[in-house]
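Overview (structure and organization)
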Amino acid sequence: MTAAAFPRRPSLPAAWWGMVMLICSETVLFACMIATYFYFRFRSPIWPQGGVSPPELISTLVPALCLATTSVPMQLAAFAARAGRLAWTRLYVVAALIVQCGYLGFEIRDYNNQQNAVDITHNAYTSIYFTLLGADHGHVVIGALFSFWLLWKLSKGLNRYRTNATLAIAWYWHFANLATLAVVGTLLSARV
Amino acid sequence: MKLRHLEILQWGGLFLGGAIFACAHVLGYGIVLAACNPANATFGIDHHVWEGALMASAAVVVLIAEAASVLVLYGTRDLAGGYEAEPPLSRIRYFAITAALANVLFLSIVLLELFGSLFNVACRQA
Amino acid sequence: MAVATPPAVTPAGTERLDRLERMWESRPGILGWLTTTDHKRIGLLYFWATLVFFGAGGIEALMMRTQLAEPNNNLIGPATYDELFSMHGITMIFLFIIPMTTGAFGNYLLPLMIGARDMAFPRMNALSFWIFVSSGIFLYIALFIGVAPNAGWYNYVPLSGSQYDPGRNIDVYCLGIILNGISSTLTAAQFIVTIFKSRAPGMSLNRLPLFCYAMFAAAVGLLFALPSLTIDTIFLFLDRNIGTHFFQPAHGGSTLLWQTLFWFFGHPEVYILIVPAFGIATSIIPAFTQRKLVGFPLVAIAEVLVIVIGFGVFSHHMYATGLPTVGLIFFAAATAMVVIPSTIQVFSWLMSLITGTPRYRTPLLFIGGFIFMFVIGGLSGMMFVAIPLDQATTHTYFILAHFHYIIFGAAVFPIFGGMYYWFPKVTGKMYFERPGQISFWVLFVGTNLLFFPMHIVGLLGMPRRDYTYPSGLGWGAYNLAETIGGYITLVGILMLLGNLVVSYLRGEEAGPDPFHGGTLEWTIPSPPPDYNFAVIPKVRSAYPNWDGDAAETTRRLNQGVLVLEQGHEQVETTVADGFLSDVVTMPHSSPWPILLAFFLAMVVLFLTLGKFGVAGIMGILCLLALFGWHSQEPADE
C-alpha cells in the first residue's frame, strides 16, 4: 500500500510548470528588447532612423499569422496525447511542424535579404530590428528542435512522460507564436 | 458565501492589484519617456492628461482588488482557527489577509505617482 | 499525567527502511560527487565553492582597504584597483551571496522543510551547480591572466565600450555574467516548481514555512530580473564585437539604456540578496523563542512584496543622470513604499523576541546583529528616496556605507547565524557555544568599525572607486579605522570557520532536534538519510515539528503508508492546498549535468576568444548532451 490511503486530486504536472518558468524568463527577455525598441523610438525625431525603410506589411505580417495558427494543432496534439491517441498526436505535431519549418525557411531567406539591403551595424534602429527579429527566429528554431525531438520520442509510443512532454511543448509553441506576433507588431509600428 | 465565489475573489484580490500596479508603473514611465523626448513632436502627448487618466484608472482597479480581499475576509470571519484551520478555507482567508495588506501598498504607490505626475512640471530635468 | 510510549518500529517497518536506504543510496567516491543529483550533496558542494569565492572576494576587499589605509598610498596602482573593486563586487554578489543563500541553504533545506525527498528536477539542480562553478573559474582565470572585468560590477557604458576598454576584460564580464545567470535562472525555476508541486500532503500554502516563502520570493525575483541583465550584456557584446550601436548616441543609441536595463536587474538583485536571509532569520527566531512568529501571514507577504515592489524602484540608481523629475517620481514613490514590508518584518521579529522566551545562543546573536545592522542600512536607504539628498551623496562613500550595512548586515550575518543553526542538522555534531559567541562579537565590532565611518567620510565628500586620496581632507583617520575594522572582521570570520571545523572534528553528538525548531527538518535524523523522510509527512500546521506527530509517523512506517519504498519515488501535490495528486519517480545520479555544463562553459570560452565557429561546435555538443540527458525516462507507475 503506497498512496492508496489518500485520494488523489488532478493537477498540472511539474513538467508543465517547468515549461511555464522557461516561458516567464523568455517573455521578460522579449519584453526588454521590445522596451529597447520603443526607448530608441521615443528618443528619435525621425523613425526609422537614418532614412531606413520600415518593414513591408504583407511579407512581415502574413507569415507570422500562419505561424500563429500552429498553436491549434499543437494544443490538439496535447489533448490527443492525454486521451492516448498516438496516431493523432503524431499527425498534429507533423502538421504544425510543416508550417513551422516553412515559416523558418521563408524567414531565414528574408532576414538575409534584408541584411544585404541594410546591415545590422548601420545604426541603433537596425541594431535593435535585426536583434529582435533574430531572437524571435532563434526561439522558433528551438521550438522546431523541441518538436523534432518529440516526434522521435513519439515514434516509440505514448507514456506519461511523453504525454507531459507534448503538453509542455504545446505551451512552448503558444509562447513562441505570441512572441512572434508581439515582435511583428512592434516592428510594424514603425509604419505608423 | 459559496466556496467558488470565495476562490475567485481571493485570487482576484491577490493578483489584480499587483498586476495593475505593474502595468501602470511601466506604462506611466513609458508615457514620460514618450512625452519628454524628441518623438513627442510627432505624438503630441499631453503628459498630465495621460498620466492622470492612467493613474486614476489604476487606483480604481486596485480599490476593486482591495474590496475583493475585504469581502473574502468578511466571508471567512467565522472560520474556527482562522488561517490556521484546514484548507481550502484557511488558505483562502490567509491570502485575503496578505492581499489586503499588499493592495494598500499598491494603492499608496499609485496615488503617490498620480500626485507626483500632476503636481510636477512636465519634463523638467531633476 | 502519563506520557504515551511511542510505538516501536516493527520488522516490516525496519525492512522498509532498509529498502529505502538501498533505493536512495549515493554512489561512492569522487564519481558519486561529480554525478550526484541529491539536493543535500549539491547544497554542500555549493557551500564549499561559495566559501572559496567568499575568501577571494574578502582578499580583494582587504587589498583595497590596505591601499586606502593612508592617503597617497601606492601599494596598488589604479588599473589593478579597478579590477579589484570590479571583481570584489562580482564575486560577492554573483559568486558568494546568491549561490550561498539559494544554492547552499536553499538546496539543502528547501526539500527538508516541505517534506520532500528531493527537488522537482534533480539533474537540473546539479546542472545549476556545475554551470555556477564554471562561471566562477572562468572569471578567476581571467583575473589571473590579467583580463578581469575592470569597469565595476555594474559595468557602465561608455567606459565599458570598445573605445575606452578595448581589451577582453569586458567580454569576459559579459559572457561570465551570462553563464552565471543561466545557473541562477535554472535554480529559480527549480525552487518555484519544487515549492508548488513537491510539498508534503496537507502543506497548503498557508502552512508553507516562512523560509520557503523567502526562497520563493527570491526565485521569482531571479527569474524575472536576470533576462534584463542577459539582454544588456548581449547588447554590449554585440556592440563591442559585431559593431552594433545600442549604446552609441552618435548612431541613434543611448548610453543610459545600459543603466536602465542593468538596474532593472540590479535592484531586484540586491533584494534577492537579502530576502533569503530574512528566511533564515524567520527560522531561527521561532526556534530560540519557542513561539510562532508574530504576524505570520504579514511576514510571508512582506517577503514577496519586497521583491515585487523592488522591481519598480530601479531608477533610483539613476537620479543623477539628468532624467526628468516626473519620471523619477515613479521610482521615488515605489522606493518610499518598499520600506514598509521590510519594516513589518523587523517589527515581527522584535515582537517575537519580546513576547517569546529568547535564548541568546549563537544563532540568535547573529540574528540580533543582523536586525541592528539592517535597520541602520535601511535608514540610510530611506534617505535616498529624497532625490536631492541622493544627488548630493551619489558616488560617495555614503552609498558604500548603506549597501555594506545592508549586504553584510542583512545577508552575511544571517548566513553566519544559519551556519551555526543548521550545523547540527547537517553534521550530526554540536558546535562549541562559547567560541561561537566570541566569533559573533568580534565580527560585530569588526564590521561596524569597518562600515560605519564610511557614512561620515562619504558625507565629507570622499568619492567611490578611487584608488587613493590626497591628504589634508580629514579622511585619513576614518579610512585607517575602516582598515583596522576590516582586519578584525577577518579575524572574526576565521574564528567562525575554525569553530565549525573543530566542532565537526570534536563536537558532541547533536541528535535530531537540539533546538526544538518548528519545521520538518528537525523531525528526521542528523545528518539526514539519503531519502530524507522514511514516511512522507502529513502536515497539519506551519510548525509541524511542534504538532507531536512522531507516534503517528512510526505507525505509518509500520503499515507502509506513503513510505514509497518500491522505487525512487516522491509525491506531487496540488499547488494551493497541498492535496496529494501523484507519485513520481525521481532520477538517480547522472553524468549529463556535468557534461552539459562543461560544453556550455566551452561555448562561453570560445566566444570570449572570438572563435565563433568553435563556439558553434560546442553548442552542437550541448544539444547532443541534452539529447542524451532526455534519453532516460522515469518509470511509469
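First things first, this report covers the structure right here in the doc. These numbers were taken from a predicted model, which means no experiment stands behind them. Every chain is numbered on its own, with residues counted from 1 as its sequence reads. Here the convention is simple: chains get letters from A, ligands get numbers from 1, in the order in which they are written. The predicted origin of the model limits local features to residues at a pLDDT of at least 70 and limits the giving and counting of side-chain atom pairs to 80 or more, whereas totals for whole chains, interfaces and linings rest on all residues.

Some remarks on the overall build of chain C
Only DSSP runs of H or I with at least four residues qualify as helices, and only runs of E with at least two residues qualify as strands; both kinds are numbered from the N terminus onward. The helix and strand inventory of chain C stands at 18 helices and two strands. Counting only C-alpha atoms, chain C reaches 80 × 60 × 50 Å along its principal axes. Burial in this document is a count-based property: other C-beta atoms within 10 Å of a residue's C-beta are tallied, and the residue is buried at 20 or more, exposed at 12 or fewer, or partly exposed in between, with C-beta positions derived from the backbone. Out of the 637 residues in chain C, the part that is buried amounts to 60%. Sequence-distant contacts in chain C: of pairs separated by 6 or more residues, those separated by 24 or more amount to 82%. Whether two residues are in contact is decided by their C-beta atoms, placed from the backbone, lying within 7 Å.

Section: the overall build of chain A
Of the regular secondary structure elements, chain A holds six helices and zero strands. For chain A, the sequential pattern of α-helices and β-strands runs α-α-α-α-α-α. Taking the principal axes of its C-alpha atoms as reference, chain A extends roughly 70 × 30 × 25 Å. Buried positions account for 42% of the 192 residues belonging to chain A. Here the contacts in chain A between residues at least 6 apart in sequence split such that 82% fall between residues at least 24 apart.

Some words on the interface of chain A and chain C
Each partner contributes residues to the interface: chain A has 35 residues there, and chain C has 44 residues. For the side of chain A that touches chain C, the secondary-structure elements that each account for two or more residues are α1 (14-42), α5 (124-154) and α6 (160-188) of chain A. Broken down by element, the residue count for the side of chain A that touches chain C peaks at 13 residues, all from α1 of chain A. All amino acids are sorted into three groups, where Ala, Val, Leu, Ile, Met, Phe, Trp, Tyr, Cys and Pro are nonpolar, Asp, Glu, Lys and Arg are charged, and the leftover types, Gly among them, are polar. Of the residues assigned to the side of chain A that touches chain C, the class counts are 19 nonpolar, 12 polar and four charged.

So, the environment of Leu596 of chain C
All names here are of chain C. Tracing the backbone through its elements, the reader meets Leu596 in helix α17 (residues 592-608). Measuring from C-alpha to C-alpha, the distance between Leu596 and Leu84 comes to 31 Å, with 512 residues separating the pair along the chain. Not counting residues within four places of it along the chain, the set of residues in contact with Leu596 comprises Leu127, Cys622, Ala625, Leu626 and Trp629.

Comments concerning the interface of chain C and chain B
Taken together, the contact pairs 31 residues of chain C with 31 residues of chain B. Listed by contribution, the elements that provide at least two residues to the side of chain C that touches chain B are α9 (296-310) and α10 (325-355) of chain C. With 11 residues, the top contributor of residues to the side of chain C that touches chain B is α10 of chain C. For the side of chain C that touches chain B, the residue count by class is 22 nonpolar, eight polar and one charged.

Things to note about the environment of Phe311 of chain C
All names here are of chain C. One can find Phe311 in the loop between α9 and α10. Overall, Phe311 belongs to the buried group, with 22 C-beta atoms counted inside 10 Å. Through-space distance from the C-alpha of Phe311 to that of Ile178 is 20 Å; in sequence the pair is 133 residues apart. When near neighbours in sequence (up to four residues on either side) are disregarded, Phe311 contacts Phe224 and Pro268.

Here's the deal with the nonpolar core
The nonpolar core criterion groups buried Ala, Val, Leu, Ile, Met, Phe, Trp, Tyr and Cys residues into a set whenever they are joined through C-beta atoms within 7 Å. Counting residues in each nonpolar core, the largest one holds 313 residues, and the members touching the most others are Val110 of chain B together with Ile192 of chain C. If one sorts the elements of this core by residue count, helix α7 (residues 210-241) of chain C sits on top with 22 residues. Those residues in contact with Ile192 of chain C that lie beyond four places of it in its chain are Met21 of chain A together with Phe216, Ala219, Val220 and Leu223 of chain C.

Things to note about the packing of helix α1 (residues 3-35) of chain B against α10 of chain C
Relative placement of two packed helices is described by the angle separating their axes and the distance separating the axes. Angular values range over 0 to 180 degrees, each being the angle between N-to-C directions of two axes fitted as lines to C-alpha atoms, with helices fitted over their stretch in contact. Between α1 of chain B and α10 of chain C, whose axes approach to 9 Å, the crossing angle comes to 165 degrees. The angle between the axes of α1 of chain B and α10 of chain C places the two elements in the roughly antiparallel class. Crossing angle aside, the handedness with which α1 of chain B passes α10 of chain C is left-handed. Residues His25, Gly28, Tyr29 and Val32 of chain B of α1 of chain B lie in contact with α10 of chain C, whose contacting residues are Val326, Gly327 and Phe330 of chain C. Oblique is the label for every angle not falling under 35 degrees (roughly parallel), over 145 degrees (roughly antiparallel), or within 65 to 115 degrees (roughly perpendicular). Should the near helix be turned counterclockwise from the far one by less than a right angle, the crossing is left-handed, whereas a clockwise turn marks it as right-handed.

Things to note about the pairing of strand β2 (residues 580-585) of chain C
Residues and elements named next belong to chain C. Here, strands pair whenever DSSP counts at least two bridges between them. Note: strand β1 (residues 569-573) against β2, five bridges, orientation antiparallel. Within β2, the residue paired with Glu569 across the bridge is Thr585. Adjacent in sequence and paired antiparallel, β1 and β2 are bridged by six residues, among which Gly578 carries a positive phi angle near 65 degrees.

What to know about helix α4 (residues 89-118) of chain B
Helix span is expected to be 1.5 Å times the residue number reduced by one. With 30 residues, α4 of chain B should cover 44 Å at 1.5 Å per step; its first-to-last C-alpha distance of 43 Å lies within 8% of that length. Most of α4 of chain B is tucked away, with 24 of its 30 residues classed as buried.

Focus on unusual backbone geometry
A cis amide bond links Pro87 of chain B with the next residue in sequence, Pro88 of chain B, at an omega value of 5 degrees. If you trace the backbone, Pro88 of chain B turns up in the loop between α3 (47-75) and α4. Between Ser526 of chain C and the following residue, Pro527 of chain C, the backbone shows a cis peptide bond with an omega angle of -10 degrees. Summarising the element assignment, Pro527 of chain C is placed in the loop between α15 (476-506) and α16 (550-559). Of note in this structure, Asn72 of chain C is not a glycine but carries a positive phi near 55 degrees.

A look at the packing of α5 of chain A against α6 of chain A
Residues and elements named next belong to chain A. As a packed pair, α5 and α6 sit with axes 10 Å apart at the nearest point and diverge in direction by 160 degrees. As summarised for this structure, α5 and α6 are arranged roughly antiparallel, according to the angle between their axes. Judged by the twist between their axes, the crossing of α5 over α6 is left-handed. When α5 is examined against α6, the residues Tyr129, Leu132, Leu133, Asp136, His139, Val140, Gly143, Phe146, Ser147, Leu150, Lys153 and Leu154 are found in contact with a partner set consisting of Arg162, Ala165, Thr166, Ile169, Tyr172, Trp173, Ala176, Ala179, Thr180, Val183, Thr186 and Leu187. Looking at the contact of α5 with α6 residue by residue, the class counts come to 15 nonpolar, six polar and three charged.

Here's the deal with the environment of Val308 of chain C
Secondary-structure assignment places Val308 of chain C in helix α9. With 88 residues separating them along the chain, Val308 of chain C and Val220 of chain C place their C-alpha atoms 8.7 Å apart.

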